Amino acid sequence: MQVTMSVNGAEVSREIEARLLLVHFLRDHLGLTGTHWGCDTSNCGTCVVLVDDEPVKSCTMLAAMAGGHDVRTVEGLEQDGVLDPLQRGFMECHGLQCGFCTPGMLMTTRALLDRNPDPTDHEIREAISGQICRCTGYATIVRSVQWAAAEQAGIRTSLPEQDDSRASSAVGGAS
Amino acid sequence: MQVPAPFEYERATSVDQAIGLLDRLGDTARLVAGGHSLLPMMKLRLANFEYLIDINDLSDVLGYITVEPTQIRIGAMARHRELLESAELGRAFPIFADAEKVIADPVVRNRGTLGGSLCQADPSEDLSAVCTTLNASCVIRGRDGDRVVTMEEFHRGPYETAVGDAEMLTEVRFPLRPNGASAYEKVERRAGDWAVVSSGAAVWLDGDVIADARVGLAAVGPNTAGLPEISAMLTGQRPSEELYEQAGIIAARSCNPVTDMRGSEEYKRHLAKELTRRALRRSVNRINEGS
Amino acid sequence: MTAVEDRKVTGFEDNDRKPVGHGRMLRKEDPRLIRGKGRFVDDLQLNGMLHLAILRSPMAHGRVVNVDISAAQAHPKVKLVVTGAMLAEKGLAWMPTLSNDVQAVLATDKVRFQGQEVAFVVAEDRYSARDALELIDVEYEQLEPVVDVRRALDPSSPVIRTDLDGKTDNHCFDWQTGDEAATDAVFAAADVIVTEDIVYPRVHPAPMETCGAVADYDAVEGRLTLWSTTQAPHAHRTLYAIVAGLPEHKIRVISPDIGGGFGNKVPIYPGYVCAIVGSLLTGRPVKWVEDRSENLTSTGFARDYIMRGEIAATKDGKILAIRTNVLADHGAFNGTAAPVKYPAGFFGVFTGSYDIEAAYCSMTAVYTNKAPGGVAYACSFRITEAVYLIERLVDCLAYDLKMDSAELRLKNLLRPEQFPYTSKTGWIYDSGNYEPTMREAMRIAGYDELRREQAEKRQRGELMGIGVAFFTEAVGAGPRKDMDILGLGMADGCELRIHPTGKAVVRLSVQSQGQGHETTFAQIVAEEIGIPPADIDVVHGDTDNTPFGLGTYGSRSTPVSGAAAALVARKVREKARIIASGMLEVSVADLDWDKGSFHVKGDLTKSVTIQDIAMKAHGAGDLPDGVEGGLEAQICYNPENLTYPHGAYICVVDVDPGTAQVSVRRFIAVDDCGTRINPMIIEGQIHGGLTDGVGMALMEIIAFDEDGNCLGGSLMDYLIPTALEVPDWETGFTVTPSPHHPIGAKGVGESATVGSPPAVVNAIVDALKPFGVRHADMPLTPSRVWDAMQGNARPPV
């Protein structure tokens, strides 16, 4: 069957099998491999993309179902060479390690900040609770989103100093 | 990644057209709405259909939440997030927001629908327990028009409903009564997990006496189940801790949990009691706070 | 007292005054990853690439009677169907495991665990490959499975490993450490003996990216290129050469971006071999990427130790001895990835952080009808199990003696003057200063205040628990005199080239799975050679372009490869010194190094930068006598010892008395990993490990039903913590450098996974003290906590 949708602002049209999952359409047919997959059961959230500005698990949506809709992936976050504040926040606050869950986390939190520009830490945790990160322990993801929220609001953020100027003492201190 | 077996896909353009397709294709076809129960099962090849009829384009006609003087009508395509965020629904039935906050996760809630949840007929499914608790009725449409069934009639067993091959659940109706409130209590091993046990309660007061009360349990039997014995016991009584305790004891005694990875039978019975008690207490507190 | 002056090697003292080197530097790998431009195995698309899918056993134990592949072969998009019998004809049906056992690539005689590989299909696309699996008809004769590990050695149990000559039982190996007689003597004379049965259930690392490979065999060149999810590309290449009989110089293993490993990507899995066979037979590139169920049911699990622990002490709480007996479930094949002489990994460090008189362990390992594996999931070769055992036992002792668990630990911790310390099981702890670390954790936690709060809450019937754990890790395997994997010594190479313009490339034998090697190794080299980290590229994960070494696991990258990076930079610096002496026309003895430049002693105006030297080394004109052109070096670093990081963790939980649900309110982690390179990355490593610990303590388990069906085969059933189950971590640090590591660093990647499970469990058990609970096994799901509250705590297996 033929499917036509908008992906990152550009219209794409392909002949596909009806059973093709959206995640495979994006990855295998369009070469947009930034969207990952990590399970078979809609539990891990590494495949999250935005469909009509709402986060959706693209492993649990047929490409056919996305026909006529507006899909946005991690590749569409950077606009005209300018990174999304969330992309910068994740780099600044070490919100990623292996980077596998990161695209999904970025898309979900992009939708969160669009609806709620000043979320609490708990609201961020709730928003990403359908997504698993095995590396970061989530705290730095929360910080990254807060960094981006502040950046969007025009509030200058400074990160905690973490150099090891006290490395010569036995007790370093809390960070 | 697991992928589904081949099937054909059609998009429904109207409810009648969808029913016409179902009528023509019989049990080889299945409706897909949010897809978050159906597609994982098809990916794991636990379910196979030759045709999927996508009814997402019917969101506009079946996605409503309509408050009327004596009932609330909710279209089968109302999505979890809409149920969670509806202020009107939250005022009338706070149990909805309680339950929706703990159903799957926010991303899944963007897609999943009321109708899809009920039609999955999973014994652990939270919205089924909510509908049972609120004494909802289901509107099923076929070629010959609508028929309305109770929740007890709707769920015929695990993963089995009263919806025929050429029929479609279109609406769920919730009777509105004054001076009532409701609550939902769920224990899960982790956010997003299915319930170990959950209990919904709805209470209506007449003065300081219980005019009616209902309790619905999930994950402790073949379907989410209402407990008429509790209703009978509570009606006409003054709310009290002792009463909630008695209701909890009935809940624990009346359910049929089985030991699995989520918990032992004993624990589940204990939870049926504890959560019933909490849900009743919270419902009554909500009435008192509201008045 | 720990201080910089204690270090044998200098070079970092002035770090905080200089711009380059260590410190909180943003990661070099992030710009591609936050744009979705990472390159993971499944992202690879090659011309003509085919897709491979594996048919797996539905049962735990059965005889393979017949495999009919005719219908699958007839599928129009199928190119190849291969069975175990077909592999056997080529001598490829079995492969060695990392523990000198063998494992079936595809089952020939029997299937021995649910999920075992039985046949594979290669097709034009991944959907068709999956469809064709449905068309393979396998006839099995079901056999009784061995599921209960405690009955594996019963004479009546069926023999799983009938493939091994003369095998008449399910015995895998026996292992002992310590001094049995001395330990028994101490126990016999002790005031107090506490015994507890402690189970560390089977869990799974479950990295977010599953395992996979793309094999591309070039028949003309006789050359195999394999992109695969491996933490150890060089070791894998050598093993493929041995298994497949391909010449090693014709094999190139590339490990691209890896979506988390945690030990899961150390072994060679049948799927990789199938992909290679698929490409050999079709002449086309073949991709295999497992789905999540395959990952959870067939790849390297972790733990699965059933331990009886005993601790002997005086009545005032001086710990005297530890004794333990362990039953280890190794699954159907011994696929443990550990140094050969260490069949139980480094479990021998179970004496922990305490000054004791004697210790003894005896272990029996058995085969069962479950997936193979054993060492995985950030365990530092089974130190997770060791630390969990001792830290639970210490809490049991505190319970019996009615002592505060932190005070009991403080009373028994090794003292700084005891280092280097040789443990009663023969491990030489390189350095440590434990009490300040413990005190720091208690300070951050507000320990005394927490205990006061707990006492008040207990009065009101509220259940609050405070869990303390102290751990010593042993990481950085390892000295090659003791440690090898299948005969490959556990040393690591490193090569550094300075280009003419003073930019550099450093090539590593280890492979990052998210640890940020591209950043931290640039920082190590920057510190030593004075070139800014931004000007240093790190190459890793490609056997054609990096020196040989054993890879990244067991927290060994910084202790071994990090040392190699520092030393290779120093080697280059010494050559640069000679060239500088020619440039400045003084003797090398008259030069001082000032991180980035040499200057004549006493005259800062006469200096040359490393960049000047690099151009000179490659440029026109003569170099000093005997100096070759170029500015590069390569070394292979063989560590003289492991490094021994330590830490003190405190966890605070609240338990709902009505539902038994546990909420982790706070978690304080104070880690000492010696000299710190990038504090941001260290903190990240610790956060991740703490989350693992909460996961294992509360929810993670790979369980089996009585038929051997895996009950944790999807992420719906194998629960991993989300952001809602973990608190905002509170971290702190102390610094006790390693005396033998060139920059004083120790490993840290697994510290938190090792240290956090006992802290969480100790906290929950502490919360349940009013119910008389001394021990309860993981995972402490609400149901299992409730069981414990009813006096009915049960082992999970």
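Residues numbered from 1 in each chain as written. Chains lettered and ligands numbered in written order. Predicted model: local features only at pLDDT ≥ 70, side-chain atom pairs only at ≥ 80, totals over all residues.

**A look at the overall build of chain A**
The secondary structure content of chain A amounts to 5 helices and 6 strands. Counted from the first residue to the last, chain A has its helices and strands arranged as β-β-α-β-β-β-α-α-α-α-β. In chain A, which comprises 175 residues, the share counted as buried stands at 62%. At a minimum sequence separation of 6, the contacts of chain A that also span at least 24 residues come to 59%. (Helix = DSSP H or I, 4+ residues; strand = E, 2+ residues; numbered from the N terminus. Buried ≥ 20, exposed ≤ 12 C-beta atoms within 10 Å, placed from the backbone. Contact = placed C-beta atoms within 7 Å.)

**Focus on the overall build of chain C**
A tally of regular secondary structure across chain C gives 18 helices and 33 strands. Looking at chain C alone, contacts between residues at least 24 apart form 79% of all its contacts between residues at least 6 apart.

**Examining the packing of helix α13 (residues 517-529) of chain C against helix α14 (residues 557-584) of chain C**
All names here are of chain C. In the contact formed by α13 and α14, the axes pass within 8 Å of each other and the chain directions differ by 35 degrees. Note that α13 runs across α14; the crossing there is right-handed. On the side of α13, the interface is formed by H517, F521, I524, V525, E528 and I529, while α14 contributes S557, G562, A565, A566, A569, R570, V572 and R573. Of the residues assigned to the contact of α13 with α14, the class counts are 8 nonpolar, 3 polar and 3 charged. (Axes fitted to C-alpha atoms, helices over the stretch in contact; angles between N-to-C directions. Left-handed = near helix turned anticlockwise from the far one by under 90°. Nonpolar A, V, L, I, M, F, W, Y, C, P; charged D, E, K, R; others polar.)

**Brief notes about the confidence of the model for chain A**
Residues with a pLDDT of 70 or more make up 89% of chain A, whose mean pLDDT is 91. Below pLDDT 50 for its whole length, residues 161-175 of chain A participates in 44 contacts with residues either more than four positions away or in separate chains. (pLDDT = per-residue confidence, 0-100.)

**Details of the domain arrangement of chain A**
Residues and elements named next belong to chain A. In terms of domain boundaries, chain A breaks down into domain 1 (2-76) and domain 2 (85-163). Distance between the C-alpha centres of domain 1 and domain 2: 23 Å. Contact residues are listed per partner, giving 15 residues for domain 1 and 13 residues for domain 2. The set of elements that each furnish at least two residues to the side of domain 1 that touches domain 2 consists of β3 (48-51) and β4 (54-57). (Domains from an automatic or database assignment.)

**Here we look at the environment of Y553 of chain C**
All names here are of chain C. Tracing the backbone through its elements, the reader meets Y553 in the loop between β26 (536-539) and α14. Residue classification places Y553 among the buried positions, given that 32 C-beta atoms sit within 10 Å. As for Y553 and S512, which are separated by 41 residues in sequence, their C-alpha atoms are 9.4 Å apart. Setting aside its immediate chain neighbours within four residues, Y553 contacts Q231, A232, G263 and V266.

**As for the confidence of the model for chain C**
Residues and elements named next belong to chain C. Looking at chain C, the pLDDT average stands at 95 and 97% of residues meet or exceed 70. Note that pLDDT drops below 50 for residues 1-20; the model gives that stretch 31 contacts with residues more than four away or on any other chain. Interface scoring of the predicted complex returns ipTM 0.97; its pTM is 0.96.

**Regarding the interface of chain C and chain B**
Accessible area lost upon the coming together of the parts is a frequently used measure of interface size. Chain C puts 22 residues into the contact, and the matching count from chain B is 19 residues. Those elements giving two or more residues to the side of chain C that touches chain B turn out to be α4 (126-133) and α18 (782-789) of chain C. Among the residues making up the side of chain C that touches chain B, the classes are represented as 9 nonpolar, 6 polar and 7 charged.

**With respect to the interface of chain A and chain C**
The interface is formed by 53 residues belonging to chain A together with 63 residues belonging to chain C. Of all elements in the fold, only α2 (85-92), α3 (102-115), α4 (121-127), α5 (139-152) and β6 (171-174) of chain A reach the threshold of two or more residues within the side of chain A that touches chain C. A breakdown of the residues in the side of chain A that touches chain C according to their chemical character gives 20 nonpolar, 22 polar and 11 charged.

**Considering the sheet that holds strand β28 (residues 597-600) of chain C**
All names here are of chain C. Pairing in this open sheet of 3 strands is antiparallel, and the strands run β27-β28-β29 from one edge to the other. With partners counted over all chains shown, the strands left at the sheet margins are β27 (591-593) and β29 (603-609), one partner each. Averaged over all adjacent pairs, the angle separating strand axes in this sheet is 35 degrees, with direction ignored. Sheet topology note: the β28/β29 ladder contains 4 bridges and is antiparallel. From the neighbouring strand, S597 faces β29, where its bridge partner is T609. (Pairing = 2+ DSSP bridges.)

**Details of the environment of E188 of chain B**
Residue and element names in this part refer to chain B. The topology assignment puts E188 in the loop between β11 (180-187) and β12 (197-206). Using a count of 20 C-beta atoms within 10 Å as the deciding quantity, one classes E188 as buried. For the pair E188 and R262, spaced 74 residues apart in the sequence, the C-alpha separation amounts to 8.1 Å. Discounting chain neighbours no more than four positions away, the residues touching E188 are V102, D193, A195 and V196.

**Structural notes on the sheet that holds strand β1 (residues 2-7) of chain A**
Residues and elements named next belong to chain A. Pairing in this open sheet of 5 strands is mixed, and the strands run β2-β1-β5-β3-β4 from one edge to the other. Across the chains shown, the open sheet's two edge strands, defined by having one partner strand only, are β2 (10-15) and β4. Adjacent strand axes in the sheet meet at a mean angle of 40 degrees, parallel and antiparallel pairs treated alike. One ladder, built from 6 bridges, connects β1 with β2; its direction is antiparallel. From the neighbouring strand, V7 faces β2, where its bridge partner is A10. Along the sheet, α3 contacts β3 and β4; its crossing angle with β3, the most-contacted strand, is approximately 35 degrees.

**Concerning α18 of chain C**
Across the 8 residues that make up α18 of chain C, a large majority, 8, are buried. P782, S783, R784, V785, W786, D787, A788 and M789 of chain C are the residues of α18 of chain C that are buried. Its buried side turned inward, α18 of chain C meets β11 and α13 (265-290) of chain B together with β31 (646-655), β32 (662-672) and α17 (751-767) of chain C. The first or second residue beyond α18 of chain C is G791 of chain C, which carries a positive phi of 75 degrees.

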